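# Examining the three-dimensional arrangement
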Amino acid sequence: MDRWRARRACARTARQARRAEGKSGIGHPGPPPTGFSLLPWLLLGMGAFSNVLQGETPNPWIGVLGLLAFNSLYVHVTFRAFDRAKRESVSNRVALGLLFLVTTGLALGYGGNWLMFFPLLGLATGATLRGPWVGRAGLLLTLYAGAICWLRAGWDEATGMAYATFLSSMVTAAILGLSEAVRELRAAREELARRAVEKERLRFSRDLHDLLGHTLSVVVVKSEAARRLASRDLDAALAQVADIETVGRQALTEIREAVTGYREGSLATELTRARSALSAASVRPVVRQLGTPLAPETEALLGWVVREAVTNVVRHSDATRCEITVESAAERVRLTVTDNGTGPFGGGGGDAPGGAGTDTSTSFSEDGRAPLRGVVGGTGLKGLTERLAAAGGSLTAGPAPRGGFTVTAVLPVGADELTHTG
């Protein structure tokens with residue numbers, strides 16, 4: 001009773017919330033059905049109870065005990081029929097079997113109004129046995145009820161009682177099964193909607209991290225350069241200030257595009273920005289592009305990798321040289337960003353200041369399946385690893401053989417192999 005009241009209260013609160021938002025309650029299933037919805041059908045046994053009260057039943061004490069046993073078993077079975085675990089338990093099946101035996105005994109012993117317990121037995125059977133077995137069980141119960149009624153009351157009574165038994169079992173199973181399926185589908189739809197919202201939030205936060213992390217790093221580097229140049233070369237300092245203004249305006253445009261979901265990165269644009277950011281940080285940029293033109297989706301993903309890797313070089317590596325190489329072959333394209341800095345830079349657009357705090361993350365092999373251990377990276381590189389893995393590629397980051405740090409991204413060339421990663 002407490003659980004039933006709680007579910008009713010939740011359904012009432014949801015309806016009130018929808019009315020407050022101006023939405024109708026059409027289509028809402030309301031509180032789930034319980035055993036109370038099947039209790040009124042016990043009125044079918046009032047004829048037998050009346051026979052006992054009026055003294056028309058031989059051995060009335062046996063009839064009273066039979067009524068008590070039938071009603072108790074019926075309530076037990078029907079109230080457990082709305083919980084799948086309880087419905088399919090062995091104890092509930094045993095109770096349904098006992099209900100079958102009590103119904104048979106009362107029908108054979110008294111006949112008449114006592115035959116009405118067969119439709120109630122069919123109702124309990126339909127509520128308990130769901131799935132492929134309910135049809136066979138309902139048909140067998142119908143034939144059995146018809147045979148017993150034919151023995152006690154003749155062919156006419158047997159036909160009507162068999163039809164009532166079949167109808168009660170099949171309709172009950174169909175209605176309750178459909179109600180349960182609707183609720184499961186609604187729950188699945190709500191879960192899918194919740195996961196879609198979480199995925200979109202993750203994508204949006206990752207985009208903002210990649211956008212603002214790189215842009216703010218460039219602004220800081222160019223501001224420092226303008227401060228150093230202001231005392232001895234005013235024109236150069238003003239040029240740096242003009243670059244800051246340009247970067248800020250471009251960042252504002254990109255953020256607006258990211259909010260609306262229409263942003264598509266360009267590898268050429270990111271390479272140009274990388275040269276500017278590296279030069280302002282006194283890092284010599286070396287950019288090489290080899291191979292055929294790339295699909296827009298591939299360029300967008302590689303642009304994110306260039307942005308993140310260059311941001312980490314500027315902020316954490318203390319490097320004097322940074323090489324960016326893009327090599328596209330027949331099936332795959334490889335992007336490599338290598339610096340000659342002091343070692344791992346922590347990654348992640350500033351997750352470990354000064355390169356002192358590094359962490360170990362998981363990357364994926366070129367087939368996007370096998371994980372690679374021991375790869376240094378932070379929030380930004382982890383996010384890029386997820387993006388490239390979803391597109392069938394891989395991202396690895398770690399110390400270079402000759403010192404410094406290397407970030408390598410591998411992607412399939414065909415646009416049809418890529419998934420849209422936002």
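The notes below deal with the structure included here. Just so you know, the residues in each chain are numbered from 1, in the order the chain's sequence is written. Restriction of local features to residues with pLDDT of at least 70 applies here, the model being predicted, together with a cutoff of 80 or more for giving and counting side-chain atom pairs; totals for whole chains, interfaces and linings are based on all residues. Note: side-chain values were computed over all heavy atoms of the structure, leaving out hydrogens and water.

The subject of this paragraph is unusual backbone geometry. One non-glycine residue with positive phi stands out, namely Asn-59, at about 50°. In this text, helices come from DSSP runs of H or I with a minimum length of four residues, and strands from runs of E with a minimum of two, each type numbered from the N-terminal end. You can see Asn-59 is positioned in the loop between α2 (46-53) and α3 (60-80). Using a relative accessible area of 52% as the deciding quantity, one classes Asn-59 as exposed. In the Ramachandran plot, Ser-282 falls in the positive-phi region, its phi being about 60° despite a non-glycine side chain. Within the element layout of this structure, Ser-282 appears in the loop between α10 (267-280) and β1 (284-290). Here's how the labels work: a residue is buried when its accessible area is under 20% of the maximum for its type, exposed when over 50%, partly exposed in between, all with a 1.4 Å probe on protein chains only. Looking at Ser-282, the relative accessible area reads 55%, which means it is exposed.

Okay, helix α7 (residues 133-153) next. Residue count minus one, scaled by 1.5 Å, sets the expected span of a helix. Under the 1.5 Å per step criterion, the end-to-end length of α7 is 30 Å for 21 residues, consistent within 8% with the ideal 30 Å. For α7, the complete set of buried residues consists of Val-134, Gly-138, Leu-141, Thr-142, Ala-145, Gly-146, Ile-148 and Cys-149. In the segment just after α7, Gly-154 is the residue with positive phi, at about 95°.

Our next topic: the pattern of salt bridges. Between side chains of opposite charge, pairing is possible as soon as their charged atoms come close. By definition here, a salt bridge exists when the distance from a side-chain nitrogen of Lys or Arg to a carboxyl oxygen of Asp or Glu is within 4 Å. Under the counting rule described, the total for this entry stands at twelve salt bridges. Across the pair Arg-84 and Glu-184 runs a salt bridge, and its minimum N-O distance is 2.9 Å. Taken together, the positions of Arg-84 in helix α4 (residues 84-87) and Glu-184 in helix α8 (residues 155-230) put the pair 100 residues apart, joining distant regions of the chain. You can call Arg-84 partly exposed: its relative accessible area is 42%. When its relative accessible area of 41% is taken as the criterion, Glu-184 is described as partly exposed. Salt bridges sharing common partners tie together Arg-84, Arg-87, Glu-180 and Glu-184.

Moving on, we get to the layout of surface pockets. Over the atoms a probe the size of a water molecule is rolled, and this reveals where empty space is left. For each structure, a 1 Å grid was placed over the protein atoms alone; sets of points admitting a 1.4 Å probe that cannot get out are labelled cavities, open sets with protein on both sides within 12 Å along at least five of seven lines are labelled pockets, and lining residues have an atom within 4 Å of a point. Grid points are joined across faces, edges and corners, and a volume is the space filled by probe spheres set on the points. By volume, the largest pocket amounts to about 540 Å³. The wall of the largest pocket is formed by 23 residues, among which Arg-7, Pro-33, Thr-34, Phe-82 and Asp-83 lie closest to the centre. Where the lining of the largest pocket is concerned, the elements lending two or more residues are α1 (2-20), α3, α4 and α8. Top contributing element to the lining of the largest pocket by residue count: α8, with five residues.

Okay, the sheet that holds strand β2 (residues 321-328) next. Spatial strand order, β1-β2-β3-β7-β6: five strands in an open sheet with mixed pairing. Looking at which strands have only one partner, the edges of the open sheet turn out to be β1 and β6 (394-399). The average angle at which neighbouring strand axes cross in this sheet is 10°, direction not considered. Of the strand pairs in this sheet, strand β3 (residues 332-339) and strand β7 (residues 405-412) are connected by eight bridges, and their pairing is antiparallel. Bridge pairing in β7 links Leu-335 to Ala-409. Contact definition: two residues touch when any of their heavy atoms are within 4.5 Å. Under this scheme, a helix contributes an axis fitted over its contacting stretch, all axes are lines through C-alpha atoms, and angles between N-to-C directions fall in the 0 to 180 degree range. Sitting on the sheet, α10 touches β1 and β2, and the angle it makes with β1 is about 160°. Criterion used throughout: strands pair if DSSP finds at least two bridges between them.

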